[in-house]
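Observations on the model geometry
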Amino acid sequence: MSPKTLHRAAVAALVAIFVACGYLSLRGDSATFDETAHLGGGVSYLERGDFRLNPEHPPLAKMLAALPLVALGRGGGDYRSQAWTAGSGDEWVFGFELINGPIAESARRDPSVRLVPARTVMLLLGVLVCLVVYAWARELWGKPAGLLALALAATCPTILAHARLVTTDLPGALGMVATAWLLWRWTRVPTWGRALATGAAFAAALLFKFNTVLLVPAMLPLVAAAVVVKRVTLRQGLVALVIAGAAGFAGVWAAYGFRYAASPDPSYAMPWPALAAEAPLSPVLAFARDHELLPEAYVFGLAYAKSQATGRTAWLDGEESNAGWYRYFPEAFALKTPLTFIALVFWVVTSETRRSRGRSFDGWSIALVPLLFTAFAIGARFNIGHRHIAPVYPFLCVAAGPAAAWIEARDRRRLAVLVLLTGCAISFVLATPGYLSYFNVLGGGARGGWRHLVDSNIDWGQDLSRLKRWMDAHGANEVDLAYFGTADPLAYGIRSRKVFAFLDFRPGEPALLPEKGRLLAASVSVLQGLFVPTDRAFALDVVRRGWVTRARAEDYLADREARTSRGEPVRHAAEWMIAQRLITQTQAQTIEDGLPGGWLSRARDRWTPIGRAGDSILIYRVP
């Protein structure tokens, strides 16, 4: 077999590994949190040409995911339901019923009928990420470098985790790395065709995720640098930027059918007043809306994303904050990335930087986008998931390409590189198939990572099917369930009593506290108190019992709000009121015994799990 044939076979094998592992993994996960809203939104865009649902994310990834459903006749959104007709619509209920069937009906749909085809499309976008990584590294340093970069991308837990889901995180990463690669290719041979290809990738990026607008402050200096080093002329640079801008502008309008209004229904109005009440509209976005410079849903989505960039509840290492932390993403990266991958990339980047003295245009073409993106993410402190720095990983895989030459050189670096690559392969094997919950040894592995990070870092509602398998294996007919997610337990055949549900699709069903001897299944995010309103419920209860005046309870709640807004550690209600000598320890215990949050914290701190469903649901026998 010729070297050329061997190389092609290796590329095909790595892509096949990525697809096979991703496909087997996606079939095992119940609907993850954002998929419920994204899939419902995508189906409604294609079936109705209406963009009222889920405007907080651009439409392209959702439309691509919904395409096989509509083509196969598996869409069928209920456009008579209040989830569609009432007010601005309820994206969560609409998507929930699309996937699982009407809430009011006892018969449930098989969620995989819609999730598997939609997720498969996302997996194909993940394949494109891997191929862009391969092509860029190959063009820079040759075939071995391309193969090494592809191997890192195809086995990267973060890329695999989000390439299987109907979300915008990996599509956004694809838009960023593809635009950066095509812009770099244009600087090598500045043809009209390459400029148009760069513009098309930029347009797709803008339609995948709003934060890809950060490509603009990266593209401008890269084109300027290309002019300075005489790769292109000033005229060529200006023309390329105009083409990219025009393509982005036209692409956004095309995705919304060249219609300004979010909905073709003249009686429908986007909830601008509600958004303005939450956060003032910036002058730029107000101008774009008032002069209809961009589609209404796109402008609304940008405004919504901006309004949500601050004040979101974040959780890290046992602390809760509405202000976030500068250390959040560095720590998340350090805990959720294979250590050997970090070591390899750091070694290669420092070596190449030293060799070029930081003056390599090619190096800056790889580095500038992830550097700007990471700086923005850290500075914004929008700390709801490691997934928000997923676009960094494809660039890091490309950057590791020069290590291939060290293997071929057969010097003392060869063994070190092979050891590090072996470590990456071992991490991949250990992560399979639970890529979403991957943590390295510093983070305590998938079983211990929830002590550091929760939410989409480990627990996004993905383990209901695994809970059902555990119940069947242990003869459990029913559990008491405290669940963080948007999947439907009934659709997975799980009989349960509700202890807590963050998004409660059946609010008419009462929440019950577990009784002695019963099984409690609890999501780790809920166990850590994320979005469980324990302190407010505690404060209301002490007032109801007459133990504390309403004014003093409001003093506590105001102090708690101020602390979370400043990013300071929160003093929980019981602790604060005992310290203020307003109640006794016995009184505090009496209230906590009647609150779901009290039960859950007790389970977390005092009880030993008797089982696990995947990595995100712990199962206890109530003592």
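Residues numbered from 1 in each chain as written. Predicted model: local features only at pLDDT ≥ 70, side-chain atom pairs only at ≥ 80, totals over all residues. Heavy atoms only, no water.

**Description of the overall build of the protein**
Broken down by element type, the protein carries 29 helices and 7 strands. Relative to the compact-globule value of 25 Å for 623 residues, the protein shows a C-alpha radius of gyration of 26 Å, a close match. The dimensions of the protein, computed from C-alpha atoms along their principal axes, are 80 × 65 × 50 Å. When burial is assessed residue by residue, the protein has 55% of its 623 residues classed as buried. (Helix = DSSP H or I, 4+ residues; strand = E, 2+ residues; numbered from the N terminus. Rg over C-alpha atoms; globule rule 2.2 N^0.38 Å. Buried < 20%, exposed > 50% of the residue type's maximum accessible area, 1.4 Å probe, protein only.)

**Overview of the packing of helix H11 (residues 215–228) against helix H12 (residues 234–255)**
Any two packed helices are characterised by the angle at which their axes cross and by the distance between the axes. Interhelical geometry of H11 versus H12 gives an angle of 160 degrees and a closest axis separation of 9 Å. Classified by the angle between their axes, H11 and H12 sit roughly antiparallel to one another. Every pair of crossing elements has a handedness; the one defined by H11 and H12 is right-handed. In this structure, H11 contributes Met219, Leu220, Val223 and Val227 to the contact, and H12 contributes Leu234, Gly237, Leu241 and Ala244. Considered class by class, the residues forming the contact of H11 with H12 number 7 nonpolar, 1 polar and no charged. (Axes fitted to C-alpha atoms, helices over the stretch in contact; angles between N-to-C directions. Parallel < 35°, antiparallel > 145°, perpendicular 65-115°, else oblique. Left-handed = near helix turned anticlockwise from the far one by under 90°. Contact = heavy atoms within 4.5 Å. Nonpolar A, V, L, I, M, F, W, Y, C, P; charged D, E, K, R; others polar.)

**Description of helix H10 (residues 192–208)**
Between the first and last C-alpha of H10 there are 24 Å, a value that for 17 residues agrees with the 24 Å anticipated at 1.5 Å per step. For H10, the full list of buried residues reads Ala195, Thr198, Gly199, Ala201, Phe202, Ala203, Ala205, Leu206, Leu207 and Phe208. Tucked into the core, H10 has its buried residues touching helix H3 (60–71), helix H6 (112–141), helix H9 (169–188), H11, H12 and helix H15 (296–308). (Expected span 1.5 Å × (residues − 1).)

**Quick look at a nonpolar patch on the surface**
Together, Leu46, Leu67 and Val70 make up a nonpolar patch on the protein surface, roughly 210 Å² of accessible area in all. Along the polypeptide, Leu67 turns up in helix H3. (Patch = residues over 30% accessible without salt bridge, like charges linked within 9 Å, V, L, I, M, F, W, Y side chains within 5 Å. Areas by Shrake-Rupley, 256 points an atom, 1.4 Å probe, with all protein chains shown as cover. Salt bridge = Lys/Arg side-chain N within 4 Å of Asp/Glu carboxyl O.)

**Some remarks on the nonpolar core**
Within soluble globular proteins, side chains that are nonpolar generally end up buried alongside one another. Grouped together as the largest cluster of nonpolar side chains are 185 residues, with contacts concentrated most on Phe18, Leu39, Trp136, Leu467 and Leu520. If you tally residues by element for this core, the top one is H6, at 17 residues. With residues near it in sequence (within four places) discarded, Phe18 still touches Leu123, Gly126, Val127, Cys130, Ala153, Ala154, Ile159, Leu160 and Ala163. If you look at the next biggest cluster of nonpolar residues, it comprises 17 residues, including Val548, Tyr556, Trp576 and Met577. (Core = buried A, V, L, I, M, F, W, Y, C linked by side-chain atoms within 4.5 Å.)

**Section: the packing of aromatic side chains**
Taken as a whole and assessed by the stated rule, the structure comprises 25 aromatic pairs. Ring centres 6.1 Å apart and planes at 75 degrees place the aromatic pair Trp136 and Phe395 in the edge-to-face group. Of this pair, Trp136 sits in helix H6 while Phe395 sits in helix H19 (residues 392–399), placing them 259 residues apart in sequence. Per residue, the accessibility class of Trp136 equals that of Phe395, and both read buried. The ring of Trp599 carries the charged tip of Arg602 above its face, separated from the ring centre by 5.1 Å. (Phe/Tyr/Trp six-rings, centres within 6.5 Å; stacked < 30°, edge-to-face > 60°. Lys NZ or Arg CZ within 6 Å of the ring centre and 35° of its normal.)

**Focus: the pattern of salt bridges**
It is possible for side chains bearing opposite charge to pair when their charged atoms get close. For the structure shown, the criterion picks out 33 salt bridges. Note that Asp488 and Arg108 form a salt bridge whose closest N and O atoms lie 2.8 Å from each other. Here the residue Asp488 occupies a position in the loop between strand S3 (479–483) and strand S4 (496–501), and Arg108 occupies one in the loop between helix H5 (91–100) and H6, the gap between them amounting to 380 residues. For the salt bridge of Arg497 with Glu515, the shortest nitrogen-to-oxygen distance reads 3.7 Å. Taken together, the positions of Arg497 in strand S4 and Glu515 in the loop between S4 and strand S5 (519–523) put the pair 18 residues apart, joining distant regions of the chain. Assessed through its relative accessible area of 45%, Glu515 is described here as partly exposed. One salt-bridge network, in which partners are shared between bridges, spans Glu478, Asp480, Arg495, Arg497, Glu515 and Arg518.

**As for helix H2 (residues 35–48)**
Note on helix geometry: an α-helix contains 3.6 residues per turn, so any two residues three or four positions apart are oriented the same way. Taking 1.5 Å as the rise per residue, H2 with 14 residues should run 20 Å; its terminal C-alpha atoms sit 19 Å apart, in good agreement. Counting buried residues in H2 gives 11 out of 14 residues, a clear majority hidden from the surface. In this fold, the buried residues of H2 make contact with H3, helix H4 (82–85), H5 and H6. Just downstream of H2 lies Gly49, where phi reads positive at about 60 degrees.

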